[in-house]
Amino acid sequence: MALKVSHVGFQSPKLPSFTLPRSSGVRSPRVSMASTVRSTTKEVDTMKKPFSPPREVHIQVTHSMPPEKVEIFKSLNDWAEENILIHLKQVEQCWQPQDFLPEPSSDGFIEEVNELRERAKELPDDYFVCLVGDMITEEALPTYQTMLNTLDGVRDETGASPTSWAIWTRAWTAEENRHGDLLNKYLYLSGRVDMKQVEKTIQYLIGSGMDPRTENSPYLGFIYTSFQERATFISHGNTARHAKEQGDLKLAQICGTIAADERRHETAYTKIVEKLFEIDPDGTILAFEDMMRKKISMPAHLMYDGRDDNLFEHFSAVAQRIGVYTAKDYADILEHLVKRWKIESLTGLSGRGEVAQEYVCTLASRIRRLEERAQSRAKQGPEVAFSWIFDRKVRL
Ligand SMILES: [Fe+2]
Ligand SMILES: [Fe+2]
């Protein structure tokens with residue numbers, strides 16, 4: 001196992017409380033997190049410095065999976081072809097962003113755009129903050145493909161590798177690419193958001209990357225992606241529901257269609273982890289425990305717009321308040337995965353494995369209890385200006 005200390009940058013947004021349920025206070029035995037480091041928030045100062053993206057500051061663990069386990073993934077290549085690649089859709093059968101947007105070559109284009117803008121006028125600012133945050137998260141797709149290609153034994157070694165794992169990663173990326181594309185074009189046409197600020201946030205975020213703490217291990221990596229695909233399924237599902245409630249059926253259809261893709265991707269990733277539980281129950285339960293003790297960080301946790309040092313926390317607080325993605329969802333996802341992988345009925349585990357089993361099986365209820373206590377103490381949040389919506393203020 002190699003250890004590497006990350007460079008200390010500036011502008012380090014902390015993770016929001018719901019991505020870091022303060023349930024255990026126990027950190028991974030292999031990783032300790034130092035305090036994050038902040039400095040100035042002023043755009044003018046940032047411009048004087050060379051590009052220095054925000055980073056989480058903790059010891060970064062690399063290649064923690066024992067090398068012999070790489071063979072497990074090589075031996076699963078044919079299994080993945082039969083069981084995972086079937087969850088991809090043929091390009092010809094896939095929806096494309098253009099299916100949901102005004103047709104630019106048509107005479108009715110301007111009229112369709114005006115209709116879209118009229119519908120968008122009915123949606124509140126806090127809704128747009130969530131939709132923009134979701135879109136920016138999707139637009140940082142290069143980071144997620146990079147993350148998958150950090151994983152030992154499954155990475156795309158050449159960029160056009162014929163292994164099932166590499167085929168999955170490329171085709172998954174190609175499917176995901178439509179999500180940010182569609183939301184970006186919709187938001188551009190809506191006229192409701194400051195596109196330049198949104199675009200800057202995307203550039204900052206891709207430059208910053210992400211730190212999911214998956215240690216090049218496909219065990220940790222596929223547990224992380226299982227969790228994340230479900231998280232995005234839930235949040236896009238909620239933006240769809242809210243759009244419908246506000247009478248924008250077209251936007252509801254857009255968000256609902258993206259949510260359905262996320263659901264299909266979740267099916268594939270949870271199937272991989274299910275297979276790992278079958279082959280190596282002890283190694284897999286330890287990995288699940290490890291990811292949950294470290295907490296699942298959101299992919300866009302290093303978000304920054306050049307102005308707000310706590311942008312991700314603010315976005316997350318709005319998402320929590322209006323019910324797009326909440327601490328309850330975090331606990332629900334965990335509970336869902338515990339059921340999906342039949343963790344309670346795993347047998348033949350080592351003593352350490354049984355401790356991990358107990359930990360993950362009881363964690364969701366602990367998170368819920370803490371969240372209920374936090375909610376009962378919660379006061380009304382302050383109003384914060386979001387550059388994405390021309391510095392209009394939204395309550396957290
Ligand atoms: Fe997506
Ligand atoms: Fe996804």
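Looking up the chain in an unreviewed UniProt entry gives the name Acyl-[acyl-carrier-protein] desaturase, with the organism given as Acorus gramineus. Reading the Subunit (unreviewed entry) entry of the UniProt record for the chain gives the comment "Homodimer." For the record of the chain, the UniProt heading Subcellular location (unreviewed entry) holds the text "Plastid, Chloroplast".

Q: What is the right way to look at the nonpolar core in this model?
A: If you look at soluble globular proteins, the nonpolar side chains tend to sit buried side by side. Membership of the largest hydrophobic core comes to 107 residues, with the highest contact counts inside it found for Tyr186, Phe222, Phe288, Met292, Phe386 and Trp388. Here the element with the most residues in this core is helix H10 (residues 249–279); it accounts for 11 residues. Those residues in contact with Phe222, other than ones at most four positions away along the chain, are Phe73, Leu148, Leu151, Val154, Trp165, Tyr269, Ile272 and Val273.

Q: Sorry, what's going on with the coordination of the iron ion (ligand 2) here?
A: Ideal coordination angles are 109.5 degrees for a metal with four donors arranged tetrahedrally and 90 or 180 degrees for a metal with six donors arranged octahedrally. Taken together, Glu176 (OE), Glu229 (OE) and Glu262 (OE) make up the full set of protein donors to the iron ion (ligand 2), lying 2.0 to 2.1 Å away. Donor residues for the iron ion (ligand 2) sit on one chain with the sequence pattern E-x52-E-x32-E. Separating the iron ion (ligand 2) from the iron ion (ligand 1) is a gap of 3.4 Å, which Glu176 spans by donating to each of them. Of the two residues, Glu176 sits in helix H7 (residues 164–190) while Glu262 sits in helix H10, which places them 86 residues apart along the sequence. Looking at Glu176, the relative accessible area reads 4%, which means it is buried.

What counts, and where the lines are drawn
Residues numbered from 1 in each chain as written. Chains lettered and ligands numbered in written order. Predicted model: local features only at pLDDT ≥ 70, side-chain atom pairs only at ≥ 80, totals over all residues. Heavy atoms only, no water. UniProt positions renumbered as here; feature names shortened; annotations may be inferred. Core = buried A, V, L, I, M, F, W, Y, C linked by side-chain atoms within 4.5 Å. Buried < 20%, exposed > 50% of the residue type's maximum accessible area, 1.4 Å probe, protein only. Helix = DSSP H or I, 4+ residues; strand = E, 2+ residues; numbered from the N terminus. Contact = heavy atoms within 4.5 Å. Donors = N, O, S within 2.8 Å, 3.2 Å for Na, K, Ca; no water.

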